[in-house]
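The primary structure of each chain is shown beneath.
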Amino acid sequence: MSLTAVPPVACFGEPRLTAGFDEFGRLDLTAHEMVHGAVNPLSPKGLLRLVEGIELKGKGGAGFPFARKFRAVLESADRQDLPTVVVVNATEGEPGAWKDKALLTRAPHLILDGAAIAAYALDAEEIVIGVADDGIGEASLSAALAERRMPVRTGIVTVPHRFISGEGGALVRGINGEAHIPPGIKIRASDTGVGGLPTLVSNAETYAQLALAARLGPYEYGTVGTADEPGTVLLTVTGAAGRPAVVECPTGIPLRDVLELCETPEGPGVLTGGYHGKWISAEGAASAEVSRAGFAKVGGALGAGIIMPLSAEVCPLGEAAQVVTYLAGESAGQCGPCRLGLPDLARSLDLIVGGSAAAEVVRAAAGAVKGRGACSHPDGTARFATSALEIFTEDLEAHAARGTCGKKVKGILGLPNAADAPTSKLVVDWSRCDGHGLCAAVVPEFIRLDSNGFPSFPSTPVPTWLEEGARKAVRMCPALALRMTPVNG
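Residues numbered from 1 in each chain as written. Predicted model: local features only at pLDDT ≥ 70, side-chain atom pairs only at ≥ 80, totals over all residues. Heavy atoms only, no water.

**Q** Got a sec to walk through helix α2 (residues 29–36)? Specific residues and values, please.
**A** Along an α-helix, residues three or four positions apart point the same way, because every turn accommodates 3.6 residues. All of the buried residues in α2 are Leu-29, Ala-31, His-32 and His-36. One side of α2 holds all its buried residues, which, seen down the axis, span an arc of 160 degrees. Exposed side of α2, more than 90 degrees from the buried face: Thr-30 and Met-34 are the residues found there. Close packing links the buried residues of α2 with α1 (21–24), α6 (108–122) and α9 (204–221). For α2, the side-chain oxygen to backbone nitrogen distance between the N-cap and Thr-30 is 3.3 Å, and the N-cap itself is Asp-28. Taken from the residues just after α2, Gly-37 is the one with a positive phi, measuring 80 degrees. (Buried < 20%, exposed > 50% of the residue type's maximum accessible area, 1.4 Å probe, protein only. Helix = DSSP H or I, 4+ residues; strand = E, 2+ residues; numbered from the N terminus. Arc of directions from axis to C-beta. Contact = heavy atoms within 4.5 Å. Polar contact = N/O pair within 3.5 Å; in protein donor to acceptor, adjacent residues only side chain to side chain.)

**Q** Give a description of the sheet that holds strand β2 (residues 85–90) that names residues and reports values.
**A** Spatially, β4-β3-β2-β5 is the arrangement adopted by the four strands of the open sheet, whose pairing is parallel. The outermost strands of the open sheet, each flanked by one partner alone, are β4 (153–159) and β5 (199–203). The mean inter-strand angle of the sheet, taken between neighbouring strand axes irrespective of direction, is 20 degrees. As paired strands, β2 and strand β3 (residues 126–132) are joined by six bridges and run parallel to one another. Paired with Val-87 across the two strands is Val-128, which belongs to β3. α6 contacts β2, β3 and β5 of the sheet and is inclined by roughly 155 degrees relative to β2. (Pairing = 2+ DSSP bridges. Axes fitted to C-alpha atoms, helices over the stretch in contact; angles between N-to-C directions.)

**Q** Break down the environment of Val-409 for me, citing the residues and quoting the values.
**A** Mapping Val-409 onto the fold places it in the loop between α17 (393–402) and β11 (424–428). Assessed through its relative accessible area of 38%, Val-409 is described here as partly exposed. Considering only alpha carbons, one finds Val-409 and Gly-269, 140 residues apart in sequence, at a separation of 15 Å. Leave out the neighbours within four places in its chain, and Val-409 touches Cys-315, Gly-318, Glu-319 and Gln-322.

**Q** Please set out the packing of α6 against α9 residue by residue, giving values where relevant.
**A** At their nearest, the axes of α6 and α9 sit 7 Å apart, and the two run at 75 degrees to each other. It follows from the interaxial angle that α6 and α9 lie roughly perpendicular. Of α9, the residues touching α6 (which contributes Leu-110, Ile-111, Asp-113, Gly-114, Ala-115, Ile-117 and Ala-118) are Ala-204, Tyr-207, Ala-208, Leu-210, Ala-211, Leu-212, Ala-214 and Arg-215. Across the contact of α6 with α9, the residue classes break down as twelve nonpolar, one polar and two charged. (Parallel < 35°, antiparallel > 145°, perpendicular 65-115°, else oblique. Nonpolar A, V, L, I, M, F, W, Y, C, P; charged D, E, K, R; others polar.)

**Q** Kindly report on the pattern of salt bridges, identifying the contributing residues and their values.
**A** Within this structure, the stated rule accounts for 15 salt bridges. For Arg-162, the salt bridge is made with Glu-330, and the minimal N-O distance between the two is 3.5 Å. Residue Arg-162 is found in the loop between β4 and α8 (168–175), and its partner Glu-330 is found in the loop between α13 (316–329) and α14 (336–353); the two are separated by 168 residues along the sequence. A residue is classified by how much of its surface remains accessible, and Arg-162, at 21% relative accessible area, is partly exposed. (Salt bridge = Lys/Arg side-chain N within 4 Å of Asp/Glu carboxyl O.)

**Q** So, the sheet that holds strand β1 (residues 9–11): which residues are in play, and what are the values?
**A** Strands in a sheet are paired, the pairing made by backbone hydrogen bonds, and the direction either parallel or antiparallel. Here we have six strands laid out as an open sheet, ordered β1-β7-β6-β10-β8-β9, and mixed in their pairing. Taken across any chain shown, the strands that pair with only one partner, and hence form the sheet edges, are β1 and β9 (278–281). Taken over all neighbouring pairs, the strand axes of this sheet differ in orientation by 25 degrees on average, direction set aside. Note that β1 and strand β7 (residues 245–250) share three bridges and pair parallel.

**Q** Please provide a residue-by-residue account of the packing of aromatic side chains, values included.
**A** The description of an aromatic ring pair rests on the distance of the ring centres and on the angle between the ring planes. For the structure shown, the criterion picks out seven aromatic pairs. Aromatic side chains Phe-163 and Tyr-275 sit 6.2 Å apart centroid to centroid with 10 degrees between the ring planes, which places their arrangement in the stacked category. A residue pair is termed long-range when its members are at least 10 positions apart, and Phe-163 in the loop between β4 and α8 and Tyr-275 in the loop between β8 (269–272) and β9 qualify at 112 residues. A residue is classified by how much of its surface remains accessible, and Phe-163, at 11% relative accessible area, is buried. (Phe/Tyr/Trp six-rings, centres within 6.5 Å; stacked < 30°, edge-to-face > 60°.)

**Q** Explain the nonpolar core to me, and be specific about the residues and the numbers.
**A** Membership of the largest hydrophobic core comes to 55 residues, with the highest contact counts inside it found for Leu-47, Phe-66, Val-86 and Leu-210. Among the elements of the structure, α3 (44–53), α4 (66–80), β2, α5 (99–106), α6, β3, α7 (138–146) and α9 are those that each provide at least two residues to this core. By residue number, the principal contributor to this core is α6, which donates ten residues. Residue contacts for Phe-66: discarding those within four places in its chain leaves Leu-47, Val-51, Leu-56, Lys-57, Leu-200, Ser-202, Thr-206, Tyr-207 and Leu-210. If you look at the next biggest cluster of nonpolar residues, it comprises 46 residues, including Ile-181, Tyr-326, Val-362 and Val-369. (Core = buried A, V, L, I, M, F, W, Y, C linked by side-chain atoms within 4.5 Å.)

**Q** Give me the lowdown on unusual backbone geometry, citing residues and values where you can.
**A** Phi at Glu-92 takes a positive value of approximately 45 degrees, unusual for a residue other than glycine. Among the structural elements, Glu-92 can be located in the loop between β2 and α5. Take Glu-92: its relative accessible area is 9%, and that puts it in the buried class. In this structure, Leu-480 is a non-glycine residue whose phi angle is positive, near 55 degrees. Exposure remark for Leu-480: the relative accessible area of 60% places this residue in the exposed category.

**Q** Which residues make up the pairing of β5, and what are the values?
**A** When a strand is regular, its side chains alternate between the sheet's two faces. In terms of residue burial, β5 counts as a mostly covered element, since five of its five residues are buried. Side-chain alternation along β5 places Thr-199, Val-201 and Asn-203 on one buried face and Leu-200 and Ser-202 on a second face that is also buried. As defined by bridge partners, β2 adjoins β5 across five bridges and the pair is classed as parallel. Considered in β5, the bridge of Val-87 is made with Val-201.

Everything listed is a geometric property; what it means functionally is a separate question.
This is how it looks when you write it as structure tokens:
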């Protein structure tokens, strides 16, 4: 099968997750067992000793301790006298994320091994693997399942390839046949997950790491990496990298080594952790070590292992504004901070880029959504936006003084060109507009009134979930001054 959609894979030191890639490309069951050997099941106590011994944390972004998740499901099942379900989150809805796709397409049996180990220890009745509907990885995973016997019924569920579809609650909802969006209220999958049963939900790489640790044991597993974060991690390095790649490396190695391997040019900063992550300066990137603690020390975040460096000739604030606009459009639109706050944050950052607003406007817009959303999406977007202001201070001053930093926006942060991406924008015929203000009442999430009572909105595309409201505003404009035009029109 073709692997051309997935970036090349590179490795520092002895490969673990990526072992056999150079020799076999994709590891079928025979190659997998030749490279990794057999694996034995674990009891609940044995699994807990193992994952606590290696400090295994989720690799999907939040870094939640796997042992706590496992124990919560175990206790909930016992308390409710219910069977359990194991869910593998391999959706990877963020555009810049490729590490799980690398595992799906090349090492699917490692993921299945980890899920099988967890299912056996929990005495689960089902394993469900969630993948994106982008066509990457599903065929490889299906072929792997056909090659082996799993301990319980195992199925694959596809979800829309959207940013929020990868959130754990959204995945559970999708598996249950509901909308693929976060539930909007705090629901613990460990209590009520797939089919209402206690459910263990974790990331694909997390299960693959579990499969490795079950073979190696805590001591051998910890012979690489740091004492607090042993083992290796997978990083997706894209952005301005001359050689984009999925890189496996031991924790604790210098980030600069990874950037040099991927032929990254000198630039003003590096995005760590993806679109819900944080920017670090060039100086921070030069001194950072690859680990959660190492990135945190320089103000960054490991997150889902996404690393996006910028080059010197791009406008960092303009690149950041594009991402915030995308994130506003990716909202589920089910709470005020998302429906109203994220478009306002996108609008504010867009005004910064144009030199017509101060940094305080963005910080105020970010503060308005922080800690108030129905899921983590508003918080992550606000963190990304305010982090850009903290790192790119020189560019911020240039935009404030001259309306530009003199550099171009090239869209190098991996934004998708999907068929469902926003395609329309609003424009006003000012010779007709009388300032009725009706449009702002129809779609307040996107249109506001300025101090003179006239409509004000970003020059960026209308988010897809607001297009219906925007078209209604066009139809209801008494002066026929408002219209929708193609983004590239």
